[in-house]
Amino acid sequence: MTAETPKKIKVSSLCELCHGRKAVMKRPKNLQKLCKECFYVVFETEIHNTITDAKLFQPGDRVAIGASGGKDSTVLASVLKTLNERYNYGLELVLLSIDEGIKGYRDDSLATVKRNQKQYEMELEIVSYKDLYNWSMDEIVSCAGIRSSCTYCGVLRRQALDRGAAKLNINHVVTGHNADDMAETVLMNLLRGDTGRLEKSTTILTQSSGSPIKRSKPFKYTYQKEIVLYAHYKKLDYFSTECTYAPEAFRGTTRELLKALEAVRPSCIMDIIYSGEHLALAPKKPKKHNQQYKNKSKKVLENQEQEINPDGSVSLGREKKIEFKDGNRCEKCGYLSSNKICKACMLLAGLEMNRAKVTIDGNTSVDGAAKLTKTLEQLSF
Amino acid sequence: MKAKIEFLGGLDVISSHVREHKVNLPFEEGDATIRDLIRYICENIITDPKDIPVFIEDDSVRPGILVLINDTDWELEGMEEYVLESGDVYTFTSTLHGG
C-alpha cells in the first residue's frame, strides 16, 4: 500500500488511472483524480476526439489560430501543435492576432503572442483595427465613451478575424472558446429568450454559405479549469490582465451564475451544453401572434444598453427579429451581413459623425485613454 | 511558520500587482487551516479592502478562483479544512480573466 516515494502516499490520493503517482487534480467533468502525466494525456486525447468526431480538419489544411496571448488561445496553439505532430493531421498552423489598439493592454498581450510564435514556430499575422477601420479602440472610446466599448470591439473583432484570415488565404479560423464559454452562451440566450441564437449556439463548426471562412471551437468540451491547470503545469507563457476597458463594460453576471452552479455541481457545464445541443424549438406559430408579443417586449428593452455576446456578435436594440440569412453582403464594405449595411459599417458611420474635425497638437488623451482614466480614478485630494 | 502565497491569472490586481508573497504566518504548525489563511490574506495582503469580494464569497474563495496547495488541486486536500504546513506554497489563480 505504500508507494515508492519517501513521503508516504495514501492509496486514496493516488491517480485513478495509473495508480502509481500522486493525484494532483480532480476533473470537474467526472470528479476523477489524476496525476499530471495522466491529466495531460486525457486532456489532449479528449480534444483529439472532439476534432476527429466533428471532422474539423482535412490533411493539408491551413488553419489560423485566433491568438490573443490569453490562456485559452495559448493552450489551443500548444495543444494543436502537439496533436498535429502526434496524429499527423497534416495541418499548417498560423497564429492570427488582432491589434485593437488599446495601450497598456493589447500591446503587452501581443508581446506574449510574439513569444508564442517563436516557442511554437508558427507564422504570425497581426491585423490592426487602425489599418482596417482607421480607428483604434483608444480613439473609439475617447469618442463614444467607455460604456459601449465592448459592443464596438466585439463587432469589429469578428470582421477583423475574417479579414485577417482572408489576407492569409486561409479559410478556417479556430478559436479558444471553451466549455464554460459555451455553457454561458446557452444560459445567456436562454435568459434573454433569444431562441434564434439558442439553437445554433452550441455548434462546433459555423459557416455561412456565402462566407469562405469557417470557424470552429476545438475546446467546446474543455473546461476552463482544466485549461488553466494545463497552462499552469506545462508552464505555458500566457498573458492574464483584464482589458482596461472591460470592467466598466460588463460584469459577467451570467458567468458568476455559472461559476456558482459549477461549485455545487461541476458537471452542470457539460449538462448545459448537452441541453443546448439537444434542444429543438417548436415550429414557429403564425407570424401575427409572434409579432405582437415581440413588440411588447421590445418596448421594455429599448432603453437598455446594447449587449455583446461572447462570440463577438451583438444584439442591436432596434433590430427587427434576427433572421440568419446567408449570402447577403454589406453595400458599403462587401462583408457578409444580414442587413443592407453590416453592423461594423453602421457603428463606424456613427463614429465618423462624431470624430473631432481638428486635433490638438501633442494631445495625449487619446492614446492610452483607459490607462489615464485609471490613474485619475486613483487620485484623491 | 514560513509559506509562499502566489496570485496568478490576473489575480495579482488585489495585491498591488505583486504575484509572489513570501510570508511568515502568525500560526503554529498544526493549528491553522486554509480558513485562517484566507482571513490572513484579507487582513494582510489585499491592498484595497474593496477588492476583498474579488477574492472571497461567503467566507470562502470565490468560485472561479483555482486553489492549488503545493501544486495540487485543493479539492484533493480537503479544501478549507486543509491543515497548513510550514514551507507550503499556496497558489490562487483566477480562471475568469479573458482568454
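Nothing here was measured: the structure is a model prediction, and the numbers come from that model.

1. Topic: the overall build of chain B
Moving on, step 1. A tally of regular secondary structure across chain B gives 2 helices and 7 strands.
Moving on, step 2. Helices (α) and strands (β) of chain B occur, in sequence order from the N terminus, as β-β-α-α-β-β-β-β-β.
Moving on, step 3. The C-alpha radius of gyration computed for chain B amounts to 12 Å, which stays within 12% of the reference 13 Å derived for 99 residues, consistent with globular compactness.
Moving on, step 4. Taken along the three principal axes of its C-alpha coordinates, chain B extends 35 × 25 × 25 Å.
Moving on, step 5. The buried share of chain B, taken over its 99 residues, is 52%.

2. Quick look at the pairing of strand β5 (residues 123–128) of chain A
On a regular strand, one side chain projects to one face of the sheet and the next to the other, so that they alternate.
Residues and elements named next belong to chain A.
Moving on, step 1. Pairing geometry for strand β4 (residues 92–99) and β5, over 6 bridges, is parallel. Its bridge partner being in β5, D99 is matched across the sheet by S128.
Moving on, step 2. The parallel pair β4 and β5, bridged by helix α3 (residues 106–120), forms a crossover whose chirality is right-handed.

3. Some points on the confidence of the model for chain A
Residues and elements named next belong to chain A.
Moving on, step 1. Overall, the predicted model of chain A reaches an average pLDDT of 82, with 77% of residues at or above 70.
Moving on, step 2. Put simply, helix α10 (residues 246–249) is where chain A has its lowest mean pLDDT, 47, and helix α1 (residues 36–53) is where it has its highest, 97.
Moving on, step 3. Every residue in residues 317–324 is under pLDDT 50, and counting partners more than four places away or in other chains gives 12 contacts.

4. Let's talk about the UniProt feature "binding site: ATP" (unreviewed entry) in chain A
Residue and element names in this part refer to chain A.
Moving on, step 1. Under the UniProt annotation, the feature "binding site: ATP" (unreviewed entry) is placed at G66, A67, S68, D72, I98, G176 and D181.
Moving on, step 2. On the secondary structure map, G66 appears in strand β3 (residues 62–66).
Moving on, step 3. Judged by relative accessible area, which is 15%, G66 ranks as buried.
Moving on, step 4. Once you skip the residues sitting within four places of it in the chain, G66 turns out to touch S73, L96, L161, V173 and V174.
Moving on, step 5. By the secondary structure assignment, S68 is in the loop between β3 and α2 (71–86).
Moving on, step 6. On the basis of relative accessible area, S68 is assigned to the buried category, the value being 18%.

5. Let's talk about the sheet that holds strand β6 (residues 172–174) of chain A
All names here are of chain A.
Moving on, step 1. Spatial ordering of the open sheet is given by β5-β4-β3-β6-β8-β7, a layout of 6 strands whose pairing is mixed. The outermost strands of the open sheet, each flanked by one partner alone, are β5 and β7 (205–206).
Moving on, step 2. Across 3 bridges, the pairing between β6 and strand β8 (residues 214–216) is parallel. Opposite V173, over in β8, you have R215 as the bridge partner.
Moving on, step 3. Each of β3, β4 and β6 is contacted by α2, which is oriented at about 155° to β3, the strand it contacts most.
Moving on, step 4. Each of β3, β4, β5, β6 and β8 is contacted by helix α6 (residues 149–167), which is oriented at about 140° to β4, the strand it contacts most.

Calculation notes
Residues numbered from 1 in each chain as written. Chains lettered and ligands numbered in written order. Predicted model: local features only at pLDDT ≥ 70, side-chain atom pairs only at ≥ 80, totals over all residues. Heavy atoms only, no water. Helix = DSSP H or I, 4+ residues; strand = E, 2+ residues; numbered from the N terminus. Rg over C-alpha atoms; globule rule 2.2 N^0.38 Å. Buried < 20%, exposed > 50% of the residue type's maximum accessible area, 1.4 Å probe, protein only. Pairing = 2+ DSSP bridges. Right-handed = clockwise from strand over helix to strand, strands pointing away. pLDDT = per-residue confidence, 0-100. Contact = heavy atoms within 4.5 Å. UniProt positions renumbered as here; feature names shortened; annotations may be inferred. Axes fitted to C-alpha atoms, helices over the stretch in contact; angles between N-to-C directions.

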